[in-house]
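One-letter residues, chain by chain:
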Amino acid sequence: MSGQKRASRSAFTCYKYLRGMCLQAAELRPSWTSDMDRDLKIEGCDLNIKTNNESHHTDQCPDQRLIVRRGQPFTVSLLLKPGGDVGGHVENLTFIVETGPLPRKESNTRVTFGLSKSTAEKEWSASRVEDESKDRISVSINSSPDAPVGVYQLSVDQDGRETPLGQFTLLFNAWCPHDAVFMHSERKRQEYVLSQHGQIFRGTWKRIKGIPWDFGQFESGILDICLKILDQNPKFISDANQDCSSRRSPIYVTRVLSAMINSNDDSGVLVGSWSDFTGGVHPGTWIGSGDILRQWSESGPVHFGQCWVFAAVGCTVSRALGIPCRVVTNFGSAHDTDANLVIENLYDQDGERISDDSVWNFHVWVDSWMTRPDLGDKYDGWQTSDPTPQETSGGVFCCGPAPLKAIKEGELTRKYDAPFIFAEVNADVVDKVQLSTGEFVQFSGSTKSVGRFISTKAVGSDERRDITHQYKYPEGSEDERRVYEKATHHNKLQKQGIEPGLHLKIKLADNMTVGSDFEVHAILTNNSMAARTCTLLFFARSVSYNGKQGDSVGFSSDKMEVPSGEERRLTLHLQYDNYGSVITPDRLILLSVIAIDKQTIEYHKAEKTIVLDEPSIDIKLEGEVRVNQLITVQVTLVNPLPETLRGCSFTLGGVGLTDGRPVSLKLDDVGPGQEARGSAALTPLMAGATALLVSFDSDHLKNIKSSVNIVVKE
């Protein structure tokens, strides 16, 4: 604190010196200039909030404050005291903008500029707007497209007399060609900056399901919370001046957010948990970012989050600050802890896994759009960052931003954290068995199982868009292998096609609804010249979305002879009595089958993660959907389980449909095959397109979500 006080005193002393110099300069001016200036008496300022916010695409924010985007003019009106002579005598006005606790000219956190004939595109400037009013002067102010984002104080100086005019918040500007986050497409700007709700994809690459999410970046108070996140990051605390100055760069801001959305090294927004949720909220319960951000602002780190929650909150904060952002899901996402770009799965001779490496069924992060002047324009565009705390970067749990173009080309020297992200989407997988001698023998592997169906919400619709091609070349292509060799120093290319020998696969049942019993099959095909005798081991285990395996839910084994050119199958019966009590709310079951030919010491493995189908939520609206007019929402779900559901509840939310907090409906117990019913009265607060999000939760059936699009009339 003493250092800050000394800095403040020093700044104040400097200010008095500069003010004295300005007064001396004023005294040296011709008397006619001084006389005219005395006639211009500024009484106040009209920030023209409504008009400016509309032109700057910030009018969705209900707070009555001036929010503008950098590099784009906004107009303020200087209100004059009665009797003042407007004339043409405003040329000597000097405007001052300041941001941060210790504004400085050398840090670009304090800028002064006078009136010109027109505003400049690439720097702070001001020009008079002609009007006929005698009691006001309209001035167009243009901010620098490279200015730090944040809250600014605006003042005007007349011969050393400073008059405060008001406060405004400056954001990144995807509409400004000179801004680092500029996007050419208006449709994409609407999607990646302005859209307040979207879809996050989860499941497995075979069973991809989108869940709705409210980003709510324009909800009341959210922008202030996002700025508070920046002000509580350790870099601001250690050097506020440097941190505020660095906020001109979306690269810097994105990296700060990657660290601050998780709470591992600071008092960031979310605490991660993948097992014990005591004392907090299960991550699957959240339906939007607003409630999480408000809880953090009121009481500190929020319990709990997992990858899609971290990413969704990161997307909200990025969009609120003006950085175009999308949520991305990578199916078959590798976690490379030793940075060798290879995932090694090790087994003993009984087929039990003895290694810690894993491939997550899915992992979610964010891409942000910006230029990369630190790397060259070759790497401009989408940049991946990951707020989920996995590995440290520079001693802090953060990741990115790394250019997608660098990831695709295997340019792993390009910052930040390109090797880790490359492995997530393009690592090779190697399976090895440990013999009785202790030696490890490779029996299987894949160059294609990591980084599948990389997905994001399509522009302008809730459909899934596959963006795998932006991260990597087509699997099995020469370009993909070339890139992998460059990144991992491998010397061999993997060939496509069916290899001679034994081939193993898993076939699923047509209907696998949670609560039902069903069968799955392991199929062993012999494409070798001779008959083979093999032992098949078929395992079924509960598994969480991050690849962590749980309890066994089924096992089958058999020794069989497979003639040349034929196939044999082994059936595994999965019963709700076995899997119902141990599966996670993600409803995932990992199937693993291993074929062992002990005569040739040959091992083969196949794995498949299944997602049990969930019941649907029926949503019905009663009444005409208009602003400030009551509507009734009826929600229904049929219990598919052969047991009673207890602790049942529906949660409803939606931008503009509630007061910012979800509506919770507590229900009685629901027996097998019975309906869970709930009813809520909502009063829409604003007109326009939105979505009603509904979530169902109970003791045995969790994480059930649905939504319906709504257009609210005036």
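See the structure printed just above.
Values in this document were obtained by computation on a predicted structure and should not be read as measured data.

A.B. asks: Explain the overall build of the chain here, please?
C.D. replies: Along the chain, the regular secondary structure elements total 15 helices and 36 strands. Overall size of the chain, expressed as C-alpha extent along the three principal axes, is 110 × 65 × 45 Å. Looking at the chain as a whole, 54% of its 714 residues qualify as buried. Here the analysis covers contacts within the chain between residues at least 6 apart in sequence; of these, 66% occur between residues at least 24 apart. With the model as given, the accessible surface of the chain reaches about 31,000 Å², and the carbon-plus-sulfur share is 48%. One way to put it: in the chain the 77 positive side-chain charges average out to a point 3 Å from where the 93 negative ones average out.

A.B. asks: Help me out: how do you make sense of the state of the cysteines in this one?
C.D. replies: Put plainly, two cysteines are in a disulfide when a covalent bond ties their sulfur atoms together. The tally for this structure, following the rule as stated, stands at zero disulfides. As a non-bridged cysteine, Cys45 has Cys61 as the owner of its nearest cysteine sulfur, 19 Å distant. This cysteine, Cys307, is not joined by any disulfide, and Cys399 carries the nearest cysteine sulfur, 13 Å off. Relative accessible area serves as the criterion here: at 0%, Cys307 is assigned to the buried category.

A.B. asks: Can you walk me through the pairing of strand β19 (residues 428–434) in this structure?
C.D. replies: Side-chain positions along a regular strand alternate between the two faces of the sheet. Within β19, five of the seven residues are buried, leaving the element largely enclosed by the surrounding structure. The pairing of strand β15 (residues 342–347) with β19 spans six bridges and is parallel. Looking at β19, one finds that Val342 is bridged to Asp428. Strand direction decides the pairing type here: β19 and strand β20 (residues 440–446), joined by six bridges, are antiparallel. Paired with Val433 across the two strands is Val441, which belongs to β20. The loop that links β19 with its antiparallel partner β20 comprises five residues; one of these, Gly438, has a positive phi angle of about 95°.

A.B. asks: Honestly, the sheet that holds β15 in this entry has me stumped. Any pointers?
C.D. replies: The strands making up a sheet are joined through hydrogen bonds of the backbone, oriented either antiparallel or parallel. Pairing within the open sheet is mixed, and its three strands lie in the order β15-β19-β20. Bordering the open sheet on either side are β15 and β20, each of which pairs with just one other strand. Adjacent strand axes in the sheet meet at a mean angle of 25° when their direction is disregarded.

A.B. asks: Explain the side chain of Thr384 to me, please; I cannot follow it from the model alone.
C.D. replies: By the secondary structure assignment, Thr384 is in strand β17 (residues 381–385). Of the residues examined, Thr384 reaches a relative accessible area of 0% and is grouped as buried. Polar side-chain contacts of Thr384 include one of 2.8 Å to the side chain of Asp367. When residues no more than four places from it in sequence are discounted, the contact partners of Thr384 are Trp365, Val366, Asp367, Cys399, Gly400, Pro401, Ala402, Leu404, Ile421 and Tyr471.

A.B. asks: Would you mind showing me how to read the side chain of Glu191 here?
C.D. replies: Relative to the helices and strands, Glu191 is located in helix α4 (residues 186–194). Residue contacts for Glu191: discarding those within four places in its chain leaves Arg319, Lys457, Ala458, Val459 and Gly460.

A.B. asks: Before we go on, may I ask you to explain the sheet that holds strand β34 (residues 675–682) in this structure?
C.D. replies: Strand order across the open sheet formed by three strands is β30-β31-β34, with antiparallel pairing between neighbours. If you trace the sheet from one side to the other, it starts and ends with β30 (618–622) and β34, each paired once. For this sheet, the mean inter-axis angle between neighbouring strands, taken without regard to orientation, is 15°. Of the pairings in the sheet, the one linking strand β31 (residues 631–638) to β34 comprises eight bridges and is antiparallel in character. The partner of Leu637 across the bridge, within β34, is Ala676.

A.B. asks: Before we go on, may I ask you to explain the packing of helix α5 (residues 222–231) against helix α9 (residues 289–299) in this structure?
C.D. replies: For any two helices packed against each other, one specifies the inter-axial angle together with the distance between the axes. Contact geometry for α5 and α9: axes closest at 10 Å, N-to-C directions at 55°. As summarised for this structure, α5 and α9 are arranged oblique, according to the angle between their axes. Two packed elements cross with a definite hand, and for α5 against α9 that hand is left-handed. Contacts between α5 and α9 pair Ile222, Ile225, Lys228 and Ile229 from the former with Gly290, Leu293, Arg294, Trp296 and Ser297 from the latter. A breakdown of the residues in the contact of α5 with α9 according to their chemical character gives five nonpolar, two polar and two charged.

A.B. asks: What is the right way to look at the environment of Val90 in this model?
C.D. replies: Within the secondary structure, Val90 is located in the loop between β3 (74–80) and β4 (94–99). Spatially, the C-alpha atoms of Val90 and Arg128 are 8.6 Å apart, while their sequence positions differ by 38 residues. Ignoring any residue separated from it by four or fewer positions in sequence, one finds Val90 in contact with Leu40, Leu115, Arg128 and Ile137.

Cut-offs applied
Residues numbered from 1 in each chain as written. Predicted model: local features only at pLDDT ≥ 70, side-chain atom pairs only at ≥ 80, totals over all residues. Heavy atoms only, no water. Helix = DSSP H or I, 4+ residues; strand = E, 2+ residues; numbered from the N terminus. Buried < 20%, exposed > 50% of the residue type's maximum accessible area, 1.4 Å probe, protein only. Contact = heavy atoms within 4.5 Å. Areas by Shrake-Rupley, 256 points an atom, 1.4 Å probe, with all protein chains shown as cover. Lys, Arg positive; Asp, Glu negative; His and termini not counted. Charge placed at Lys NZ, Arg CZ, Asp CG, Glu CD. Disulfide = S-S within 2.5 Å. Pairing = 2+ DSSP bridges. Axes fitted to C-alpha atoms, helices over the stretch in contact; angles between N-to-C directions. Polar contact = N/O pair within 3.5 Å; in protein donor to acceptor, adjacent residues only side chain to side chain. Parallel < 35°, antiparallel > 145°, perpendicular 65-115°, else oblique. Left-handed = near helix turned anticlockwise from the far one by under 90°. Nonpolar A, V, L, I, M, F, W, Y, C, P; charged D, E, K, R; others polar.

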